[in-house]
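# Survey of secondary and tertiary structure
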Amino acid sequence: MRLRRFLVLRMIQLVPVLLVVVVLNFVLIHLAPGDVALAMAGENPDPVYMAAIRERFGLDKPLHVQLLTYIARIAQGDLGDSFRSRRPVTETLLERVPATLLLVATALAFSSLLGTIVGTWIARRAGGGLDVWVSGLAVASYSVPVFWLGLMLILFLAIRVPVFPPSGMMSVTGVAPGLARWLDILHHLVLPALALSTVWFGQYVRIARSSVLQVLSEDFVTTARAIGYPERQVLFGHVLPNAMLPVVTVLGLQLGLVLAGAVLTETVFAWPGLGQLVYESILARDTPLIVGSYVVMGVCVVAASLLVDLVYAALDPRVEL
Amino acid sequence: MTGRYPSQVGDRVRTVAGLLVLVLLLVTMSGSRSLAAPATGPATLVVPISVDARTLNPNWQADTGGYHPSSNIHCHLVAMDWGVVKGTPVYGDLADSWTADAAGRVYTFRLRRNARFHDGRPVTSADVKYTYDTIIEKRYPLRAYLADVKEIRTPDPATVVIELNGPDAAFVPMLGIASNWFGKILPKHLYEGKEWPTADVNARPVGCGAFKFVEWARGSSFTLEANPDHHMGRPKIDRLVFRIIPDPNVAYAEFMAGRMPYLPFDYTPPYAEVATKLMKDPSMDVVFTPSIYSRDFYLNLRREPLNNPKVRRAIAHALDRRAMNQLAFYGLWKPSWNAGIDALPAFLNKNARYPDANRKLAEDLLDEAGLRRGPDGFRFKISVTNYPVTDGRVMAEVAVQQLRRVGIDARWDQYDPQTWFTRLREGNFDISTYFVRYGPDPDAYREHFGTGQARNFMGYSNPELDRTLDEARRSSDPAKRLPLYAKVQEMLVRDMPYINMFTERKISLVRKGWTGFSAQESGYNKSMTWFGYANVAPPR
């Protein structure tokens with residue numbers, strides 16, 4: 001009963017969040033110079049053609065009228081049609097979501113698991129030489145710009161030593177469907193997933209390390225050790241569940257950004273995902289596609305934070321829903 | 001107990017790491033096989049393009065990504081490619097030949113009788129009329145080139161007559177250059193009664209071009225296959241794949257990794273590597289394609305102090321083309337001092353010449369204009385922005401330094417393409433890099449320098465120049481046009497609304513043995529637009 005009330009409350013919270021997302025993005029796009037009519041007319045624009053485009057899309061109306069019309073449409077579950085391709089926004093977004101999910105989920109799983117393991121591992125050797133080195137590397141990997149790392153990976157692992165394809169999601173020639181196609185996609189996935197997870201990996205190492213370190217100094221750990229519990233049980237049964245809360249927070253934040261967090265990586269690796277689509281739409285001032293993307297991303301953020309709250313409650317008995 | 005734990009964890013880490021390495025090896029080996037195995041069977045050409053198409057009917061909107069596939073799927077009445085720099089301003093695609101009446105007002109096109117759409121239906125004059133009439137009626141982008149059309153007649157299925165309101169010697173060549181982007185001839189039987197932007201046939205286009213549509217993996221690639229019944233003969237490659245690669249560094253990496261045989265000039269390979277490494281590489285040809293475009297600085301004549309002719313002249317003296325060529329282009333480009341272009345020598349007035357670099361003269365002129373150096377060493381502030389392409393960017397970067405040396409406090413402002421273009425259209429800039437297109441017919445000057453014309457961002461207005469351009473356009477006699485365009489160039493160098501710096505030099509990379517790309521001479525006059533690949537042949 002309590003859980004249901006909690007879920008209903010969160011669903012209600014979704015409404016103002018999405019409203020802010022829509023209004024903010026709608027206004028920001030309209031503040032940017034240029035509009036879709038200019039993008040469509042090219043460099044030799046015909047004023048009558050541009051006026052017809054603006055009239056067709058209602059861009060000739062005052063901003064608040066455009067905004068209210070759009071909100072009314074969204075309220076009915078319709079994200080509208082793209083200005084440029086004239087295809088439904090929902091259909092366009094859904095086409096791109098699987099590619100982004102594959103990339104980001106792989107990177108997220110890889111970086112969070114490995115980062116947490118490494119962070120826990122060095123926390124037990126805090127202050128030692130290994131800790132200094134691994135912590136330093138973690139900070140470096142966290143600080144490196146993902147597009148630069150991507151280009152370096154391409155340079156070394158696709159050109160100098162050509163073991164992985166430099167870009168794309170699958171070979172455009174001669175791959176049969178079935179297992180061969182999946183292996184081909186995995187082969188293309190390695191470099192972008194490696195770039196993205198390297199950057200995120202450092203974050204998890206740092207968080208897991210400091211969190212585990214803090215819990216290790218708690219009295220209950222000393223007590224558990226004094227009682228004579230095996231070290232493995234102390235670590236997995238008592239330390240890790242308590243140390244996981246900050247890790248889950250970061251994971252939740254990144255899970256929320258799962259659809260938005262890979263724009264640069266997708267652009268560098270020509271990965272046909274949502275990030276690339278949003279980037280192109282912004283350059284073309286394709287308002288329905290931009291705002292539609294942000295609405296979907298907003299829903300993702302809210303859903304992820306809901307999930308984090310649920311996991312918190314499961315991990316920490318002190319947290320009540 | 002604690003002593004045992006690290007070794008257990010270590011074992012697990014080693015196991016997990018081992019498994020990961022195994023998976024990676026499997027994936028690598030599977031991929032290596034596909035990389036190592038050369039494409040057998042059909043000859044496939046993979047070409048990178050920087051942006052996805054909006055639709056596959058580019059007639060109703062500007063569509064940078066769409067020009068590539070659609071120029072190969074569709075055909076055009078007339079076409080033009082880089083053969084223009086060797087003297088071919090236009091040639092027939094659907095049109096087998098054409099004639100003009102004595103006044104240059106009525107053009108009669110004879111169509112090829114063997115032209116068919118991909119669904120087998122013949123291409124007739126009715127399709128041409130339907131396409132052009134719709135463009136004119138809906139004011140789609142090609143209308144800018146058809147604005148003077150009075151009527152289009154189709155006396156028989158193989159004849160199109162286009163009557164203009166007045167004589168226009170530039171009509172067919174300008175239609176040729178526009179075909180690179182717009183004016184794809186659409187099948188009337190599939191489009192009639194439908195709105196072009198939403199027509200279902202856009203998703204599986206049926207054209208009359210050298211390649212048939214196969215698949216569009218949105219955001220990823222287009223696949224086309226050779227049209228064996230094409231009116232100019234079957235293409236020499238079997239499959240044409242366009243891969244969407246937004247980042248130029250990655251496209252370059254793909255080419256260097258041997259995954260595609262051609263890096264089009266839009267990607268501009270790094271100048272330093274071209275100059276120091278690639279030109280010596282025996283596995284590739286570095287193709288330098290001359291251009292009908294120059295790269296220039298546009299000066300906003302509405303703004304102080306650029307509205308002062310002395311200041312504009314001083315800026316011309318401050319800009320050092322030779323130094324800029326070394327710094328920006330590693331000496332690979334060709335400086336230009338004229339208001340025309342070497343690639344189109346017929347109309348070039350070599351006597352109309354921009355001043356050479358001379359810092360002292362620049363400083364003297366600025367002093368004369370009353371703009372003396374202040375306590376901070378600078379005379380006035382100015383913003384330099386750039387045409388958002390690689391060459392435009394590097395030119396602006398160097399120009400800022402050269403202007404600062406003569407005491408002009410120049411600042412480099414960069415914008416995204418839409419913002420930049422909007423600012424230029426609104427006259428909201430000081431100096432910007434841009435281009436002037438001088439062909440295929442010299443009437444192209446009008447678009448850049450005629451009062452109120454589309455690319456006259458400088459706010460330049462010279463009634464004498466407008467009259468001269470109109471007079472030249474109305475005449476079809478080259479002997480009469482020549483002195484008129486020479487006069488136009490004199491006026492431009494005198495008034496200096498723009499400063500021509502370089503003839504654009506397009507740099508493409510082609511793997512040895514591949515021929516017929518539109519950027520190569522072997523592709524001139526038969527590529528059917530700059531984006532056409534019908535004539536490309538793999539190594540024997």
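Residues numbered from 1 in each chain as written. Chains lettered and ligands numbered in written order. Predicted model: local features only at pLDDT ≥ 70, side-chain atom pairs only at ≥ 80, totals over all residues. Heavy atoms only, no water.

### Considering a nonpolar patch on the surface
Quick note on the threshold: Patch membership needs two things, relative accessible area over 30% and no salt bridge, and members are linked within 9 Å if like-charged or within 5 Å if nonpolar (Val, Leu, Ile, Met, Phe, Trp, Tyr). Methods summary: accessible areas were calculated by the Shrake-Rupley approach with a probe of 1.4 Å, and residue burial reflects only the protein chains presented. A pair is scored as a salt bridge if a Lys or Arg side-chain nitrogen falls within 4 Å of a carboxyl oxygen belonging to Asp or Glu. Runs of H or I in DSSP of at least four residues are treated as helices and runs of E of at least two as strands, each being numbered from the N terminus.
Residues Val 20, Leu 24, Leu 28 and Leu 31 of chain A make up a contiguous nonpolar surface patch of about 430 Å² in total accessible area. When you line up the elements, Leu 28 of chain A lands in helix H1 (residues 2-31).

### Things to note about the sheet that holds strand E19 (residues 506-511) of chain B
All names here are of chain B. Rule in force here: At least two bridges found by DSSP between two strands is the condition for calling them paired. By definition in these notes, contact holds between two residues if any of their heavy atoms fall within 4.5 Å. With axes taken as lines fitted to C-alpha atoms, and helix axes fitted only over the stretch in contact, angles between N-to-C directions fall between 0 and 180 degrees.
Across the sheet, which stays open at both edges, the 3 strands sit in the order E11-E19-E12 with antiparallel pairing between neighbours. The strands lining the two open edges of the sheet, one partner per strand, are strand E11 (262-263) and strand E12 (284-289). Sheet contacts for helix H7 (residues 248-256): E11, E12 and E19; angle to E19, the most-contacted strand, approximately 30°.

### A closer look at helix H9 (residues 309-318) of chain B
Given 3.6 residues per helical turn, the α-helix brings residues three or four places apart onto the same face. Spelled out, the test is: Three exposure classes are used, based on accessible area relative to the maximum for each residue type with a 1.4 Å probe and protein chains only: buried under 20%, partly exposed in between, and exposed over 50%.
Here H9 of chain B lies mainly inside the structure; 7 of its 10 residues are buried. Those residues of H9 of chain B that fall on the buried side of the exposure criterion are Val 311, Arg 312, Ala 314, Ile 315, Ala 316, His 317 and Ala 318 of chain B.

### So, the interface of chain B and chain A
The condition that has to hold: A 1.4 Å probe defines the accessible area here, and the buried area is the portion of it lost by two parts on being joined, summed over both. Polar contact criterion, stated in full: a pair of N or O atoms within 3.5 Å, where within protein one must be able to donate a hydrogen and the other to accept it, and residues adjacent in sequence count only if both atoms are side-chain atoms. Any residue that is not Ala, Val, Leu, Ile, Met, Phe, Trp, Tyr, Cys, Pro, Asp, Glu, Lys or Arg is counted as polar, Gly included; the first ten are nonpolar and the last four charged.
Each partner contributes to the interface: chain B provides 66 residues, whereas chain A provides 62 residues. Summed over both partners, the interface of chain B with chain A comes to about 5200 Å²; 61% of that surface belongs to carbon and sulfur atoms. Where chain B packs against chain A, one counts 5 salt bridges. Asp 46 of chain A serves as the salt-bridge partner of Arg 143 of chain B, at 3.4 Å between the closest nitrogen and oxygen. At the junction of chain B with chain A, the criterion picks out 14 residue pairs in polar contact (both at pLDDT 80 or more). Mapped onto the side of chain B that touches chain A, the elements with two or more residues apiece are helix H1 (4-36), strand E1 (44-49), helix H4 (143-146), strand E10 (239-244), H7, helix H13 (417-425) and strand E17 (431-437) of chain B. Take the side of chain B that touches chain A: its biggest share by element is 15 residues, from H1 of chain B. Of the residues belonging to the side of chain B that touches chain A, the class tally is 32 nonpolar, 18 polar and 16 charged.

### Concerning helix H5 (residues 171-178) of chain B
Where burial is concerned, most of H5 of chain B is hidden: 8 out of the 8 residues are buried. Where H5 of chain B is concerned, the buried positions are Phe 171, Val 172, Pro 173, Met 174, Leu 175, Gly 176, Ile 177 and Ala 178 of chain B.

### So, the pattern of salt bridges
One pass over the structure, following the stated rule, counts 52 salt bridges over all chains. Where Asp 46 of chain A meets Arg 139 of chain B, a salt bridge forms, and the shortest distance between an N and an O atom there is 3.2 Å. Linking Asp 46 of chain A in the loop between helix H2 (36-41) and helix H3 (47-56) with Arg 139 of chain B in the loop between helix H3 (125-138) and H4, this pair reaches from one chain into another. For Lys 381 of chain B, the salt bridge goes to Asp 409 of chain B, with nearest N and O atoms at 3.1 Å. Here Lys 381 of chain B is found in strand E15 (residues 380-385), whereas its partner Asp 409 of chain B is found in strand E16 (residues 408-413), with 28 residues between them in sequence. Its relative accessible area of 63% is what places Lys 381 of chain B among the exposed residues. One continuous salt-bridge network, built from bridges that share partners, spans Arg 105, Lys 150, Glu 151, Arg 153 and Glu 163 of chain B.

### Considerations on the domain arrangement of chain B
Residue and element names in this part refer to chain B. Threshold: Note that the domain bounds reflect an automated or database-derived domain assignment.
Looking at the assigned domains, one finds that chain B contains domain 1 (12-54 + 202-289 + 508-523), domain 2 (78-191) and domain 3 (293-503). Between the C-alpha centres of domain 1 and domain 3 the distance comes to 37 Å. Across the boundary between the two partners, domain 1 contributes 7 residues, which contact 7 residues of domain 3. Together, the buried faces of domain 1 and domain 3 total about 580 Å²; carbon and sulfur atoms form 77% of this surface. Along the contact surface separating domain 1 from domain 3 lie 0 salt bridges. The tally of links from domain 1 across to domain 3 stands at 0 residue pairs in polar contact (both at pLDDT 80 or more). With 4 residues, helix H8 (residues 271-276) is the largest single contributor of residues to the side of domain 1 that touches domain 3.

### Side note on the packing of aromatic side chains
Residue and element names in this part refer to chain B. Spelled out, the test is: The rule is short: rings of Phe, Tyr and Trp, with Trp giving its six-membered ring, pair when the centres are within 6.5 Å, and they are stacked under 30 degrees, edge-to-face over 60, tilted in between.
All told, the structure shown has 42 aromatic pairs over all chains when counted by the stated rule. Their ring planes at 75° and their centres at 6.0 Å tell us that Trp 333 and Phe 502 sit as a pair that is edge-to-face. One end of the pair, Trp 333, is in the loop between helix H10 (321-329) and strand E14 (334-335); the other, Phe 502, is in strand E18 (residues 498-503), and 169 residues separate them in sequence. In this structure, Trp 333 and Phe 502 share a single accessibility class: buried. Taking 6.3 Å as the distance between ring centres and 35° as the angle between the ring planes, the aromatic pair formed by Trp 514 and Phe 517 counts as tilted. Look at Trp 514 and you get buried, because its relative accessible area is 12%. Using a relative accessible area of 0% as the deciding quantity, one classes Phe 517 as buried.

### So, the confidence of the model for chain B
Residue and element names in this part refer to chain B. To keep things clear, this is the line we draw: Values of pLDDT, which run from 0 to 100, indicate the predictor's confidence residue by residue.
Overall, the prediction assigns chain B a mean pLDDT of 91, with 92% of residues at 70 or greater. Contacts of residues 1-10 to residues separated by more than four positions or lying in other chains number 10 contacts, the stretch itself having pLDDT below 50. Counted against residues more than four places away or in other chains, residues 27-40, with its pLDDT under 50, gives 15 contacts. The ipTM, which scores confidence in the relative placement of chains, is 0.84 for this predicted complex, and the corresponding pTM is 0.86.

### Comments concerning the pairing of E18 of chain B
All names here are of chain B. With respect to burial, E18 is a largely interior element, 6 of its 6 residues being buried. The pairing of strand E13 (residues 293-299) with E18 spans 5 bridges and is antiparallel. Note on E18: the bridge partner recorded for Ser 294 is Thr 503. Across 2 bridges, E14 lies against E18 in antiparallel orientation. In the sheet register, Lys 334 faces E18, and the bridge partner there is Thr 503.

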